[in-house]
Amino acid sequence: MYRTAALLVGRDVSVLSALEASAKLVREVMYVPLSCNVLTRASVRRIELIHQCGSKHNPSLDIRILLPIPGYSSSTFPPLSIKIDAILSTCPDQRSLNVLPSYSYLKSRAVEVTDAPFVHINSDSAAPEDNSDVTPASGLYGTAALGGTFDRMHSGHNVLLTYSACLCSNRIIVGVSDGPLLCNKVLAELIEPVDRRIANVRTFLMDVKPTLQMDVVAITDVFGPTGYDPNVDCIVVSQETLKGGEIVNAERRKKGLKTLAVETIDLVKEEGDDKLSSTDLRRKQLGQYQHVKDSQCTVYDPLTGPFIIGLTGGIASGKSSICKRLSDLGAFTINCDKVCMFRDVSPSQYEAINSWDMKRIDQELIASDQ
(Lines give C-alpha, C1' and ligand atoms only; values in the text may rest on other atoms or scores of the structure.)
Protein backbone atom coordinates (compact mmCIF):
# COMPACT_ATOMS: atom_id res chain seq x y z
CA MET A 1 0.00 0.00 0.00
CA TYR A 2 1.20 3.51 -0.90
CA ARG A 3 0.79 6.61 1.25
CA THR A 4 -0.04 8.80 -1.78
CA ALA A 5 -0.59 8.20 -5.48
CA ALA A 6 -1.85 9.76 -8.70
CA LEU A 7 -4.53 7.89 -10.63
CA LEU A 8 -4.32 8.24 -14.43
CA VAL A 9 -7.38 7.03 -16.32
CA GLY A 10 -7.56 6.51 -20.06
CA ARG A 11 -10.41 8.08 -22.00
CA ASP A 12 -11.92 4.67 -22.80
CA VAL A 13 -12.10 3.60 -19.15
CA SER A 14 -14.58 4.66 -16.48
CA VAL A 15 -12.84 6.64 -13.75
CA LEU A 16 -15.22 5.04 -11.23
CA SER A 17 -14.19 1.56 -12.31
CA ALA A 18 -10.51 2.54 -12.05
CA LEU A 19 -11.05 4.07 -8.63
CA GLU A 20 -12.80 0.98 -7.36
CA ALA A 21 -9.81 -1.12 -8.46
CA SER A 22 -7.20 1.20 -6.94
CA ALA A 23 -8.75 2.79 -3.81
CA LYS A 24 -7.43 0.18 -1.39
CA LEU A 25 -3.88 0.53 -2.71
CA VAL A 26 -3.54 4.03 -1.24
CA ARG A 27 -3.55 4.87 2.45
CA GLU A 28 -3.91 8.68 2.58
CA VAL A 29 -4.14 10.88 -0.54
CA MET A 30 -5.00 10.12 -4.16
CA TYR A 31 -4.70 12.79 -6.86
CA VAL A 32 -7.01 12.36 -9.86
CA PRO A 33 -6.43 14.66 -12.88
CA LEU A 34 -9.68 15.07 -14.80
CA SER A 35 -9.33 14.12 -18.46
CA CYS A 36 -11.54 16.87 -19.84
CA ASN A 37 -10.83 20.38 -21.04
CA VAL A 38 -14.19 21.98 -20.25
CA LEU A 39 -16.25 21.07 -17.20
CA THR A 40 -19.91 20.41 -17.95
CA ARG A 41 -22.77 19.62 -15.59
CA ALA A 42 -22.23 15.96 -16.43
CA SER A 43 -18.53 16.09 -15.51
CA VAL A 44 -19.32 17.96 -12.28
CA ARG A 45 -21.77 15.20 -11.42
CA ARG A 46 -18.91 12.77 -12.06
CA ILE A 47 -16.86 14.60 -9.43
CA GLU A 48 -19.57 13.82 -6.86
CA LEU A 49 -19.61 10.17 -7.95
CA ILE A 50 -15.82 9.92 -7.69
CA HIS A 51 -15.93 11.00 -4.05
CA GLN A 52 -18.89 8.73 -3.34
CA CYS A 53 -17.02 5.79 -4.87
CA GLY A 54 -13.79 6.53 -3.00
CA SER A 55 -15.65 6.82 0.31
CA LYS A 56 -17.36 3.49 -0.32
CA HIS A 57 -14.20 1.52 -1.06
CA ASN A 58 -11.77 3.34 1.26
CA PRO A 59 -13.51 5.71 3.73
CA SER A 60 -10.23 7.21 4.96
CA LEU A 61 -8.94 8.06 1.45
CA ASP A 62 -8.49 11.77 0.71
CA ILE A 63 -9.29 12.20 -3.00
CA ARG A 64 -8.11 15.43 -4.61
CA ILE A 65 -9.38 15.99 -8.14
CA LEU A 66 -7.07 18.24 -10.14
CA LEU A 67 -9.42 20.49 -12.07
CA PRO A 68 -8.61 21.53 -15.64
CA ILE A 69 -7.23 25.08 -15.80
CA PRO A 70 -6.74 25.83 -19.51
CA GLY A 71 -5.03 29.05 -20.52
CA TYR A 72 -2.70 29.34 -17.51
CA SER A 73 1.05 28.88 -17.32
CA SER A 74 2.03 26.07 -14.96
CA SER A 75 5.15 28.03 -13.97
CA THR A 76 2.95 30.13 -11.68
CA PHE A 77 1.47 27.12 -9.86
CA PRO A 78 2.79 25.83 -6.54
CA PRO A 79 3.78 22.17 -6.27
CA LEU A 80 1.22 19.75 -4.92
CA SER A 81 1.11 19.77 -1.13
CA ILE A 82 2.01 16.08 -0.77
CA LYS A 83 4.70 14.16 -2.62
CA ILE A 84 3.35 11.43 -4.91
CA ASP A 85 4.69 7.97 -4.06
CA ALA A 86 3.28 6.01 -7.02
CA ILE A 87 1.52 6.29 -10.36
CA LEU A 88 -1.57 4.10 -10.75
CA SER A 89 -2.74 3.87 -14.34
CA THR A 90 -5.23 2.02 -16.49
CA CYS A 91 -2.66 2.20 -19.31
CA PRO A 92 -0.22 -0.72 -19.43
CA ASP A 93 2.96 1.35 -19.23
CA GLN A 94 4.34 4.76 -18.28
CA ARG A 95 3.39 6.25 -21.64
CA SER A 96 0.19 7.30 -19.87
CA LEU A 97 2.20 10.20 -18.46
CA ASN A 98 2.81 11.45 -21.97
CA VAL A 99 -0.88 11.53 -22.88
CA LEU A 100 -1.94 13.51 -19.81
CA PRO A 101 -3.87 16.61 -20.83
CA SER A 102 -1.54 19.59 -20.71
CA TYR A 103 -3.96 21.55 -18.56
CA SER A 104 -3.71 19.03 -15.66
CA TYR A 105 -0.15 20.22 -14.96
CA LEU A 106 0.57 17.05 -13.00
CA LYS A 107 4.12 16.67 -14.27
CA SER A 108 5.02 20.29 -13.52
CA ARG A 109 3.42 20.33 -10.09
CA ALA A 110 4.83 16.97 -9.02
CA VAL A 111 8.19 16.47 -10.73
CA GLU A 112 8.69 13.20 -8.84
CA VAL A 113 6.03 11.43 -10.93
CA THR A 114 8.50 10.64 -13.71
CA ASP A 115 10.53 8.51 -11.29
CA ALA A 116 7.73 7.19 -9.09
CA PRO A 117 6.85 3.46 -9.13
CA PHE A 118 4.35 2.63 -11.86
CA VAL A 119 1.43 0.31 -11.14
CA HIS A 120 -0.91 -0.93 -13.86
CA ILE A 121 -4.55 -1.09 -12.71
CA ASN A 122 -6.69 -3.82 -14.24
CA SER A 123 -9.98 -1.99 -14.59
CA ASP A 124 -12.96 -3.87 -15.93
CA SER A 125 -14.99 -2.31 -18.68
CA ALA A 126 -17.91 -0.36 -17.28
CA ALA A 127 -21.15 0.97 -18.61
CA PRO A 128 -20.72 4.31 -20.37
CA GLU A 129 -20.96 7.26 -18.01
CA ASP A 130 -23.76 9.77 -18.46
CA ASN A 131 -22.38 12.67 -20.48
CA SER A 132 -25.72 13.91 -21.75
CA ASP A 133 -25.74 17.22 -19.88
CA VAL A 134 -23.19 19.32 -21.72
CA THR A 135 -24.22 22.59 -20.05
CA PRO A 136 -21.00 24.40 -19.09
CA ALA A 137 -20.37 24.32 -15.33
CA SER A 138 -16.88 25.74 -15.01
CA GLY A 139 -16.53 29.37 -14.00
CA LEU A 140 -20.25 30.13 -14.02
CA TYR A 141 -19.77 32.64 -11.21
CA GLY A 142 -17.04 35.12 -10.42
CA THR A 143 -17.22 34.48 -6.66
CA ALA A 144 -18.68 31.47 -4.86
CA ALA A 145 -19.16 31.13 -1.11
CA LEU A 146 -19.68 28.17 1.21
CA GLY A 147 -19.38 27.39 4.89
CA GLY A 148 -18.90 24.55 7.33
CA THR A 149 -17.00 23.28 10.32
CA PHE A 150 -14.42 21.39 8.20
CA ASP A 151 -13.36 19.33 11.18
CA ARG A 152 -11.38 16.21 10.27
CA MET A 153 -11.82 16.80 6.55
CA HIS A 154 -13.49 13.92 4.75
CA SER A 155 -15.05 13.13 1.37
CA GLY A 156 -18.12 15.25 2.08
CA HIS A 157 -15.94 18.32 2.61
CA ASN A 158 -13.80 17.44 -0.40
CA VAL A 159 -16.70 17.25 -2.83
CA LEU A 160 -18.20 20.48 -1.46
CA LEU A 161 -14.92 22.35 -1.91
CA THR A 162 -14.16 20.83 -5.31
CA TYR A 163 -17.65 21.54 -6.64
CA SER A 164 -17.43 25.13 -5.39
CA ALA A 165 -14.01 25.58 -7.01
CA CYS A 166 -15.48 24.34 -10.30
CA LEU A 167 -18.24 26.91 -10.25
CA CYS A 168 -16.17 30.05 -9.68
CA SER A 169 -13.65 31.68 -11.97
CA ASN A 170 -11.95 34.23 -9.72
CA ARG A 171 -12.61 33.97 -6.00
CA ILE A 172 -13.82 31.45 -3.45
CA ILE A 173 -14.96 32.37 0.06
CA VAL A 174 -14.98 29.64 2.71
CA GLY A 175 -16.41 30.36 6.15
CA VAL A 176 -15.01 28.03 8.82
CA SER A 177 -17.28 27.79 11.87
CA ASP A 178 -15.84 28.92 15.20
CA GLY A 179 -16.89 30.19 18.64
CA PRO A 180 -20.68 30.20 19.21
CA LEU A 181 -21.31 28.07 16.11
CA LEU A 182 -19.52 25.15 17.80
CA CYS A 183 -21.30 25.21 21.15
CA ASN A 184 -24.07 22.78 20.18
CA LYS A 185 -21.83 20.42 18.23
CA VAL A 186 -21.56 16.87 19.53
CA LEU A 187 -18.16 16.36 21.22
CA ALA A 188 -17.24 19.98 20.51
CA GLU A 189 -14.20 19.63 22.76
CA LEU A 190 -12.65 17.31 20.15
CA ILE A 191 -13.07 19.71 17.20
CA GLU A 192 -9.72 20.70 15.73
CA PRO A 193 -8.44 24.26 16.36
CA VAL A 194 -9.82 26.74 13.86
CA ASP A 195 -6.36 27.69 12.56
CA ARG A 196 -5.70 24.07 11.64
CA ARG A 197 -9.07 23.72 9.91
CA ILE A 198 -8.48 26.90 7.91
CA ALA A 199 -5.02 25.69 6.88
CA ASN A 200 -6.43 22.30 5.78
CA VAL A 201 -9.07 23.97 3.60
CA ARG A 202 -6.50 26.28 1.97
CA THR A 203 -4.11 23.40 1.30
CA PHE A 204 -6.85 21.36 -0.33
CA LEU A 205 -7.99 24.23 -2.56
CA MET A 206 -4.40 25.03 -3.58
CA ASP A 207 -4.05 21.46 -4.81
CA VAL A 208 -7.39 21.40 -6.63
CA LYS A 209 -7.43 24.84 -8.29
CA PRO A 210 -4.49 27.11 -7.42
CA THR A 211 -5.60 29.96 -9.71
CA LEU A 212 -8.40 31.06 -7.37
CA GLN A 213 -8.24 33.91 -4.89
CA MET A 214 -8.98 32.14 -1.60
CA ASP A 215 -10.62 33.88 1.34
CA VAL A 216 -10.77 31.20 4.02
CA VAL A 217 -11.93 32.87 7.22
CA ALA A 218 -13.29 31.98 10.66
CA ILE A 219 -16.97 32.87 11.12
CA THR A 220 -18.99 33.18 14.33
CA ASP A 221 -22.45 33.57 12.79
CA VAL A 222 -24.29 31.76 10.01
CA PHE A 223 -23.75 34.54 7.48
CA GLY A 224 -20.05 35.30 7.54
CA PRO A 225 -18.97 37.35 4.49
CA THR A 226 -22.19 36.45 2.65
CA GLY A 227 -24.01 38.77 5.06
CA TYR A 228 -22.21 41.89 3.85
CA ASP A 229 -20.04 41.23 0.76
CA PRO A 230 -21.79 42.68 -2.34
CA ASN A 231 -19.52 40.81 -4.75
CA VAL A 232 -20.59 37.26 -3.93
CA ASP A 233 -22.49 35.58 -6.78
CA CYS A 234 -23.52 32.17 -5.45
CA ILE A 235 -23.62 30.05 -2.32
CA VAL A 236 -22.96 26.31 -2.38
CA VAL A 237 -24.88 24.10 0.05
CA SER A 238 -25.68 20.44 0.61
CA GLN A 239 -29.19 18.99 0.67
CA GLU A 240 -28.93 19.14 4.46
CA THR A 241 -28.08 22.86 4.61
CA LEU A 242 -30.34 24.09 1.81
CA LYS A 243 -32.39 26.10 4.32
CA GLY A 244 -29.20 27.95 5.29
CA GLY A 245 -28.93 29.31 1.74
CA GLU A 246 -32.47 30.65 1.99
CA ILE A 247 -31.66 32.34 5.33
CA VAL A 248 -28.59 34.00 3.80
CA ASN A 249 -30.63 35.37 0.89
CA ALA A 250 -33.31 36.68 3.25
CA GLU A 251 -30.60 38.56 5.18
CA ARG A 252 -29.11 39.97 1.97
CA ARG A 253 -32.52 41.21 0.80
CA LYS A 254 -32.93 43.05 4.10
CA LYS A 255 -29.64 44.83 3.49
CA GLY A 256 -30.40 45.66 -0.14
CA LEU A 257 -27.78 43.19 -1.48
CA LYS A 258 -28.38 41.03 -4.52
CA THR A 259 -29.67 37.52 -3.81
CA LEU A 260 -27.29 34.66 -4.45
CA ALA A 261 -27.71 31.74 -6.79
CA VAL A 262 -27.98 28.59 -4.65
CA GLU A 263 -26.07 25.54 -5.92
CA THR A 264 -26.74 22.21 -4.21
CA ILE A 265 -24.67 19.03 -3.96
CA ASP A 266 -25.59 15.56 -2.74
CA LEU A 267 -24.38 14.29 0.62
CA VAL A 268 -21.59 11.70 0.61
CA LYS A 269 -22.91 8.48 2.15
CA GLU A 270 -21.17 5.85 4.20
CA GLU A 271 -21.92 2.16 3.97
CA GLY A 272 -25.52 1.69 5.08
CA ASP A 273 -26.68 5.00 3.53
CA ASP A 274 -25.72 7.05 6.59
CA LYS A 275 -24.25 10.42 5.73
CA LEU A 276 -20.53 10.81 6.31
CA SER A 277 -20.03 13.31 9.13
CA SER A 278 -17.33 14.83 11.30
CA THR A 279 -19.48 13.98 14.33
CA ASP A 280 -19.04 10.26 13.65
CA LEU A 281 -15.32 10.76 13.15
CA ARG A 282 -15.11 12.52 16.51
CA ARG A 283 -17.01 9.68 18.17
CA LYS A 284 -14.44 7.26 16.80
CA GLN A 285 -11.77 9.29 18.57
CA LEU A 286 -13.27 8.51 21.97
CA GLY A 287 -10.95 6.33 24.01
CA GLN A 288 -7.91 7.36 21.96
CA TYR A 289 -5.08 9.41 23.43
CA GLN A 290 -5.47 12.98 22.15
CA HIS A 291 -2.07 14.45 23.17
CA VAL A 292 -3.78 17.23 25.10
CA LYS A 293 -1.41 19.79 26.59
CA ASP A 294 -1.59 20.40 30.35
CA SER A 295 -2.30 24.08 29.75
CA GLN A 296 -5.59 23.16 28.08
CA CYS A 297 -6.94 21.59 31.27
CA THR A 298 -6.19 24.24 33.88
CA VAL A 299 -9.58 25.98 33.67
CA TYR A 300 -12.90 24.40 32.77
CA ASP A 301 -14.17 25.34 29.36
CA PRO A 302 -16.78 23.43 27.29
CA LEU A 303 -14.45 23.35 24.28
CA THR A 304 -11.11 22.61 25.92
CA GLY A 305 -11.80 20.71 29.13
CA PRO A 306 -11.12 19.37 31.63
CA PHE A 307 -12.31 16.23 29.90
CA ILE A 308 -14.77 13.65 31.19
CA ILE A 309 -13.77 9.99 30.90
CA GLY A 310 -16.44 7.29 31.13
CA LEU A 311 -15.04 4.08 32.63
CA THR A 312 -17.15 0.95 32.11
CA GLY A 313 -16.65 -2.77 32.32
CA GLY A 314 -17.98 -6.03 33.67
CA ILE A 315 -17.71 -7.35 37.21
CA ALA A 316 -14.10 -7.78 38.41
CA SER A 317 -12.72 -6.18 35.24
CA GLY A 318 -10.55 -3.72 37.18
CA LYS A 319 -12.69 -0.56 37.23
CA SER A 320 -11.96 0.18 40.89
CA SER A 321 -8.22 -0.28 40.41
CA ILE A 322 -8.17 2.08 37.42
CA CYS A 323 -10.29 4.63 39.29
CA LYS A 324 -7.87 4.54 42.19
CA ARG A 325 -4.94 4.99 39.83
CA LEU A 326 -6.61 7.96 38.12
CA SER A 327 -7.50 9.44 41.49
CA ASP A 328 -3.88 9.09 42.67
CA LEU A 329 -2.86 11.04 39.57
CA GLY A 330 -5.17 13.92 40.52
CA ALA A 331 -8.43 13.11 38.73
CA PHE A 332 -11.79 13.60 40.41
CA THR A 333 -13.83 10.40 40.29
CA ILE A 334 -17.57 9.78 40.59
CA ASN A 335 -18.86 6.28 41.30
CA CYS A 336 -22.02 6.13 39.22
CA ASP A 337 -23.13 2.92 40.97
CA LYS A 338 -23.37 4.91 44.19
CA VAL A 339 -25.01 7.87 42.50
CA CYS A 340 -27.68 5.57 41.03
CA MET A 341 -28.48 4.26 44.51
CA PHE A 342 -29.93 7.66 45.51
CA ARG A 343 -33.69 7.23 45.33
CA ASP A 344 -34.18 10.89 46.21
CA VAL A 345 -31.33 13.27 45.43
CA SER A 346 -30.96 15.75 48.26
CA PRO A 347 -30.86 19.50 47.48
CA SER A 348 -27.20 19.66 48.53
CA GLN A 349 -26.31 16.70 46.26
CA TYR A 350 -28.19 18.23 43.33
CA GLU A 351 -26.48 21.59 43.90
CA ALA A 352 -23.07 19.93 44.10
CA ILE A 353 -23.59 18.02 40.86
CA ASN A 354 -24.94 21.09 39.03
CA SER A 355 -22.02 23.25 40.13
CA TRP A 356 -19.37 20.61 39.34
CA ASP A 357 -18.20 20.76 42.99
CA MET A 358 -16.41 17.41 42.97
CA LYS A 359 -15.23 17.64 46.59
CA ARG A 360 -18.78 18.19 47.80
CA ILE A 361 -19.99 15.29 45.66
CA ASP A 362 -17.37 13.06 47.29
CA GLN A 363 -18.48 14.26 50.73
CA GLU A 364 -22.12 13.54 49.91
CA LEU A 365 -21.26 10.05 48.70
CA ILE A 366 -19.23 9.35 51.84
CA ALA A 367 -22.07 10.61 54.02
CA SER A 368 -24.50 8.40 52.09
CA ASP A 369 -22.30 5.32 52.65
CA GLN A 370 -22.17 6.11 56.37
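Not measured: the values here are computed from a predicted model.

Peer 1: Would you explain helix H6 (residues 242-254) in this entry?
Peer 2: A turn of α-helix holds 3.6 residues, and therefore any two residues three or four places apart point the same way. Across its 13 residues, H6 extends 19 Å between first and last C-alpha, which sits within 8% of the 18 Å expected from 1.5 Å per residue. All of the buried residues in H6 are Gly245, Val248, Asn249, Glu251 and Arg252. End-on, the buried residues of H6 take up no more than an arc of 160°, which puts them together on one face. H6 presents Lys243, Arg253 and Lys254 as exposed residues on the side facing more than 90 degrees away from its buried surface. Where H6 is buried, its residues contact strand S9 (234-238) and strand S10 (261-265). With its phi angle positive at about 75°, Gly256 sits one or two positions after the end of H6.

Peer 1: Is there a simple way to explain the pairing of strand S8 (residues 213-219) in this structure?
Peer 2: The two faces of the sheet receive side chains in turn, since in a regular strand these alternate between them. Looking at chain direction, strand S7 (residues 168-177) and S8 are connected through seven bridges and run parallel. If you follow Ile173 over to S8, its bridge partner there is Asp215. Each parallel crossover has a hand, and for S7 linked through helix H5 (residues 194-208) to S8 it is right-handed.

Peer 1: Can you walk me through the pattern of salt bridges in this structure?
Peer 2: Note on pairing: side chains with opposite charge can pair once their charged atoms come close. As enumerated under the stated definition, the model contains 13 salt bridges in all. A salt bridge links Arg64 to Asp207; the nearest nitrogen and oxygen atoms lie 2.8 Å apart. Of the two residues, Arg64 sits in strand S3 (residues 62-66) while Asp207 sits in helix H5, which places them 143 residues apart along the sequence. Comparing Arg64 with Asp207, the two get one shared label, buried. Of the charged contacts in the structure, one is a salt bridge between Asp280 and Arg283, with a shortest N-O distance of 3.2 Å.

Peer 1: What am I meant to see in the packing of helix H4 (residues 155-167) against H5 here?
Peer 2: If you want to describe how two helices pack, look at the angle between their axes and the distance between the axes. As a packed pair, H4 and H5 sit with axes 10 Å apart at the nearest point and diverge in direction by 50°. Relative to H5, the element H4 lies oblique. For the element pair H4 and H5, the recorded crossing hand is right-handed. For the pair H4 and H5, contact is made by Asn158, Leu161, Thr162 and Ala165 and by Val201, Phe204, Leu205 and Val208, respectively.

Calculation criteria
Residues numbered from 1 in each chain as written. Predicted model: local features only at pLDDT ≥ 70, side-chain atom pairs only at ≥ 80, totals over all residues. Heavy atoms only, no water. Helix = DSSP H or I, 4+ residues; strand = E, 2+ residues; numbered from the N terminus. Expected span 1.5 Å × (residues − 1). Buried < 20%, exposed > 50% of the residue type's maximum accessible area, 1.4 Å probe, protein only. Arc of directions from axis to C-beta. Contact = heavy atoms within 4.5 Å. Pairing = 2+ DSSP bridges. Right-handed = clockwise from strand over helix to strand, strands pointing away. Salt bridge = Lys/Arg side-chain N within 4 Å of Asp/Glu carboxyl O. Axes fitted to C-alpha atoms, helices over the stretch in contact; angles between N-to-C directions. Parallel < 35°, antiparallel > 145°, perpendicular 65-115°, else oblique. Left-handed = near helix turned anticlockwise from the far one by under 90°.

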